[in-house]
Amino acid sequence: MNVSLQNIDKVNALLIVKMGKADYQEKVDKALKDLRHKAQMPGFRKGMVPASLIKKMYGRSVLVEEVNKLLGEATYNYIKENNVNILGEPLPNEDQQVEIDFDTMEDFEFKFDIALAPEFKVEVSAADKVPYYTIEVTDTMVDNQVKMYTQRNGKYEKVDAYADNDMLKGLLAELDEEGNTKEGGIQVEGAVLLPSDMKNDEQKAIFANAKVNDVLVFNPQAAWDNNDIRVSTLLKIDKETAANVKANFSFQVEEITRFVPGELDQEIFDQVFGKDVVKTEEEFRAKVKESIASQFTSDSDYKFLVDMRALLMEKVGKLEFPDEKLKRIMRLNNPDKDDKFVEDNYAKSIEELTWHLIKEQLVKANDIKVEQADIVNMAKEATRMQFAQYGMLTVPDELLENYAKDMLKKQENIDGLVNRVIESKLSEALKKQVTLEPKTVSVEEFNKMFE
């Protein structure tokens with residue numbers, strides 16, 4: 001077998017594979033022999049079907065299969081052994097390829113179009129200045145986080161008088177035009193009201209300082225600005241019926257419940273950061289601030305890599321690509337799309353491909369490798385960040401291990417984690433090579449950078 005590469009220009013090449021009978025015949029004979037041993041046909045014992053009959057029935061399909069196997073191995077090995085930087089997969093040549101007739105031909109020649117990656121060199125140095133944004137952790141952020149912890153340890157208590165955000169429970173009764181309880185009207189026992197949730201301030205004010213056993217009159221439709229869904233939920237009727245209920249209702253207060261946040265004490269300190277890690281409220285708030293800042297670090301690193309990408313893309317400039325071949329690959333990869341889809345998305349795909357090639361070169365230059373331990377640790381970190389979003393800053397290792405194992409059961413998760421490991425390691429390497437320009441910004445200013 002002979003495999004050769006003809007360079008057409010800097011980004012296009014023709015891969016030619018010549019295959020003779022001596023290259024495939026032994027494999028074809030072995031495959032037919034194996035088939036004969038397994039074949040079962042009427043009139044013949046198993047394994048005793050004549051070889052000539054097996055060849056007549058399966059000879060062509062076996063030949064095609066074995067030739068294609070050899071062809072795939074030959075092209076893959078040539079590209080790998082000769083370090084051919086190929087984009088996509090080899091494409092059957094549409095102009096020079098002679099039609100293959102497996103019934104009459106013994107020698108075959110296959111021609112493939114090859115899309116070559118453009119050659120370029122990208123380097124970074126201390127002369128490259130890149131901003132590095134640190135998100136300011138404000139007292140308000142710390143206050144909100146601390147409040148979340150105290151609320152988690154809070155409890156509901158019964159009180160005598162209503163205050164904002166309290167929950168009322170009582171008897172609802174529909175009134176007639178004279179303000180009396182309507183005969184046969186709607187009544188709901190144990191109805192629950194949250195006046196703070198009402199949309200109309202006048203209706204909401206009716207419940208100010210309400211006490212147990214008070215009887216208050218309000219209008220549900222007015223209270224919720226004619227929101228039929230909210231009214232139907234309160235009155236336990238369907239939405240269509242609720243739309244026609246315009247009457248006032250009396251509400252006899254039977255119970256007032258208030259949520260009381262937990263005390264900021266050692267119990268909460270231990271729940272959040274582990275036993276005796278912090279001892280005072282001051283230490284606790286400092287640790288919370290540190291944890292929030294740590295969560296922002298990944299955002300800062302992401303922005304750094306975005307800015308590095310812009311810098312390096314500008315450095316590299318516009319690269320030459322085998323446009324027609326790449327568009328052909330896009331069409332093959334998106335069989336349900338038309339040519340307009342390819343034209344509309346080609347420029348963006350080239351931009352992403354350029355960054356991929358730049359990143360690939362930098363990864364190699366910095367000898368960045370991804371080990372299994374890196375993937376597992378990234379899975380744990382991703383899990384830890386998810387828990388942190390809900391205020392759980394101390395997560396048992398066993399729980400992290402279990403979540404990580406579940407993530408690693410899916411290949412798409414593994415691919416995503418590998419990419420995150422690469423970008424994390426690349427970010428750390430590049431931060432040491434360029435000149436960072438530290439900038440502290442608010443979270444609002446940071447988010448605006450992505451609008």
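Shown above is the structure to which this text applies.
Fair warning: this is a prediction, and the values are worked out from it, not measured in the lab.

K.L.:
Tell me about the pairing of strand β4 (residues 108–115), residues and numbers included.
P.N.:
Side-chain positions along a regular strand alternate between the two faces of the sheet. Buried residues dominate β4, accounting for seven of its eight residues. Strand direction decides the pairing type here: strand β2 (residues 12–19) and β4, joined by eight bridges, are antiparallel. For Met 19, the partnering residue across the bridge sits in β4 and is Phe 108. Across two bridges, the pairing between strand β3 (residues 91–92) and β4 is antiparallel. Bridged to Pro 92 within β4 is Phe 112.

K.L.:
Which residues make up the packing of helix α8 (residues 266–273) against helix α9 (residues 281–316), and what values go with them?
P.N.:
Running from N to C, α8 and α9 cross one another at 25°; their axes reach a closest spacing of 11 Å. Viewed along their axes, α8 and α9 adopt a mutual orientation that is roughly parallel. Relative to α9, α8 is oriented so that their crossing is left-handed. Across from Ile 268, Phe 269, Val 272 and Phe 273 in α8, the residues of α9 making contact are Glu 281, Phe 284, Lys 287, Val 288 and Ser 291.

K.L.:
Summarise the pattern of salt bridges; cite the residues concerned and give the values.
P.N.:
When the charged atoms of two side chains lie near each other, side chains of opposite charge can form a pair. Counting across every chain of the model gives 34 salt bridges. For Asp 128, the salt bridge is made with Lys 315, and the minimal N-O distance between the two is 2.9 Å. Taken as a pair, Asp 128 in the loop between β4 and β5 (129–135) and Lys 315 in helix α9 lie far apart in primary sequence, 187 residues in all. Exposure remark for Lys 315: the relative accessible area of 42% places this residue in the partly exposed category. We note a salt bridge from Glu 352 to Arg 309, for which the minimum N-O separation is 2.8 Å. Within this pair, whereas Glu 352 is found in helix α11 (residues 339–365), its partner Arg 309 is found in helix α9, the two being separated by 43 residues in sequence.

Conventions we followed
Residues numbered from 1 in each chain as written. Predicted model: local features only at pLDDT ≥ 70, side-chain atom pairs only at ≥ 80, totals over all residues. Heavy atoms only, no water. Buried < 20%, exposed > 50% of the residue type's maximum accessible area, 1.4 Å probe, protein only. Helix = DSSP H or I, 4+ residues; strand = E, 2+ residues; numbered from the N terminus. Pairing = 2+ DSSP bridges. Axes fitted to C-alpha atoms, helices over the stretch in contact; angles between N-to-C directions. Parallel < 35°, antiparallel > 145°, perpendicular 65-115°, else oblique. Left-handed = near helix turned anticlockwise from the far one by under 90°. Contact = heavy atoms within 4.5 Å. Salt bridge = Lys/Arg side-chain N within 4 Å of Asp/Glu carboxyl O.

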